[in-house]
Amino acid sequence: PFSKKKKNSFTLIQRAYDVLGNDSKRKQYDATGRMEKTVDEEFMDSFGGGAFRDKARQQREDRESMAEQLTVRQTEEFQSHTSGFEAWMRSRGDSVKTFTADNAAEQFGVVKSSYEAVPLPSIRAYQARVKQVGKPAKESLELVCEPIPQALEWGEVLVSVRAAPVNPADLFDVKTGGNVGGDPLKTPFIGGNDGVGVIVKVGPGVKNLQENDWVLPFVPHLGTWRSLAVLREKDTLKIPVDLMPIEYAAMSRELCVAYRLLEDHGDLKPGDTVILNSANSTVGQVVIQLCHLLKLRSVAVVRDLGSMDKVGPWLKTLGASEVLADTGSLKKELEKNKYFAKPKLGLDCVGGQSAVRLADTLDDSAPLVIYGCMSGRAPSWPWSQWVFKQMQVRGFNLRKWMKSNKKKIPAMMESIAKLVNADKLRVTHTEYELGTEFDEALDHAMEEGRSTKILLKVKDIGVTY
């Protein structure tokens, strides 16, 4: 249509003006025929399929209407045996799987006499172990030195953990045994779900990892609060060496959560408002900074623990448009501040009344995405909120997303790394040495109102025997 062409023409004219009006960009274009982009521009071009660069949202515009689908599905092409078989396969869901040699090895194991195990040195490694659940973390956790396995078996690798964060989910595991819709972990178990490590040795049957590779945990409950870990290759995710500072690689899960929350939800465009609670958390800090880069406005909601005079200005330096205390009516508070743009997206990781307050501010049909529940209480809304405001509530879990979108992970990690390395994304963090400062790290992690991420660094891996 003419409107699409006209819009694309104006976009190209604007890009040409940007290049020709800047001497360095013009020289780059004259020499190479390519337009040099800043990190900000590259991020804007890639995020959301280019929607934040004012490109036409082709996918949405080209989506078939119901009437078109009814017509197309009656054609001969869609009545073929192949089409019918594909439809049958989709209807079977996950019950139809391809059985490979790897599946067989996973299900039945590999006969030990068919390979040679790789011997490991005699080392007692540090590990923060949960000896019991249901009690305060200080009573449940103990730092011990335990021998690592004597050898690597089929598909195993030895990982030297370099840094691991202390996250709310980790402390939840310590308190409850990690019982979220499944069986609790059996004690004793090693704490920690996230972190970054370096491959020290690879065992037989390992295909895609080698010594000195960087890896992240790909599944939960691997126990990252330790100096050395023997893990299965399939439970790790390889990332490029020196992709970003090791501290940020250790926090990458939360950076990825923030990225996905904005790219996958809300159908946002520049000028829209996003409202989020626990805005001083790691995810909150990153969401605010991404919103600023994408020219979105963010309303940061935090608990008032008597330090709003410090937290408010700090969050505004990150890019927050408004900072509100998580109490009373947020809707009335925004109106009082003459902030009349209703949020197009709400992000909740607290639950309970905090989530209810967020939903009350949202524009009609705007989604509220729940990605955590720090209060331990599920929110509930009156039926009128669902019917008359057409409220949408969605859940998000990064590990499930990664499992279904493994091919998209490298591009996401690269995009985040570029912003981190260009100092466009910053996360306040405090480091403690695992072997000597674990108790201090735990005390700091349990402080209310804390606005810094606690990181366990590992320089001392343990002792030989």
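Remember, predicted model here, so these are calculated numbers, not experimental data. (Residues numbered from 1 in each chain as written. Predicted model: local features only at pLDDT ≥ 70, side-chain atom pairs only at ≥ 80, totals over all residues. Heavy atoms only, no water.)

Engineer: I'm lost on the overall build of the chain in this one. Help?
Structural biologist: Within the chain one finds 19 helices and 19 strands. Here the chain, with 465 residues, has 44% of them falling under the buried criterion. Of the contacts made within the chain by residues no fewer than 6 positions apart, 70% connect residues no fewer than 24 positions apart. Here the chain displays about 25,400 Å² of accessible surface, and carbon together with sulfur accounts for 51% of that area. (Helix = DSSP H or I, 4+ residues; strand = E, 2+ residues; numbered from the N terminus. Buried < 20%, exposed > 50% of the residue type's maximum accessible area, 1.4 Å probe, protein only. Contact = heavy atoms within 4.5 Å. Areas by Shrake-Rupley, 256 points an atom, 1.4 Å probe, with all protein chains shown as cover.)

Engineer: Hey, could you run me through the environment of Asn421 in this one?
Structural biologist: Within the secondary structure, Asn421 sits in helix H18 (residues 409-421). Of the residues examined, Asn421 reaches a relative accessible area of 47% and is grouped as partly exposed. Distance in space between the C-alpha atoms of Asn421 and Pro245 is 7.7 Å, their sequence separation being 176 residues. Here Asn421 is in contact with Leu243, Met244 and Pro245, once residues within four sequence places are set aside. In this structure the side chain of Asn421 is engaged in a polar contact, spanning 3.0 Å, whose partner is the backbone oxygen of Leu243. (Polar contact = N/O pair within 3.5 Å; in protein donor to acceptor, adjacent residues only side chain to side chain.)

Engineer: When you look at the pattern of salt bridges in this model, what are you seeing that I'm missing?
Structural biologist: Two side chains that carry opposite charge are able to pair once their charged atoms sit near each other. Evaluation of the coordinates by the stated rule reveals 17 salt bridges. The residue Glu263 makes a salt bridge to Arg260 at a minimum N-O spacing of 2.7 Å. Placement of both Glu263 and Arg260 in helix H11 (residues 252-264) is noted, with a separation of three residues, approximately one turn of the helix. Close ionic contact of Glu414 with Lys418 constitutes a salt bridge, the shortest N to O distance being 3.6 Å. Taken together, the residues span about one helical turn, with Glu414 and Lys418 both in helix H18 at a distance of four residues. Through salt bridges with shared partners, a single ionic network connects Arg129, Glu142 and Glu146. (Salt bridge = Lys/Arg side-chain N within 4 Å of Asp/Glu carboxyl O.)

Engineer: Any chance you could explain the packing of helix H12 (residues 282-293) against helix H13 (residues 308-318) here in plain terms?
Structural biologist: Each pair of packed helices gets described by two things: the angle between the helix axes and the distance between those axes. Two elements in contact, H12 and H13, have axes whose closest approach is 8 Å; the angle formed by their N-to-C orientations is 45°. Taken together, the axis directions place H12 and H13 in an arrangement best described as oblique. Residues Gln285, Ile288, Gln289 and His292 of H12 pack against Trp314, Leu315 and Leu318 of H13. A class-by-class count of the residues in the contact of H12 with H13 yields four nonpolar, three polar and no charged. (Axes fitted to C-alpha atoms, helices over the stretch in contact; angles between N-to-C directions. Parallel < 35°, antiparallel > 145°, perpendicular 65-115°, else oblique. Nonpolar A, V, L, I, M, F, W, Y, C, P; charged D, E, K, R; others polar.)

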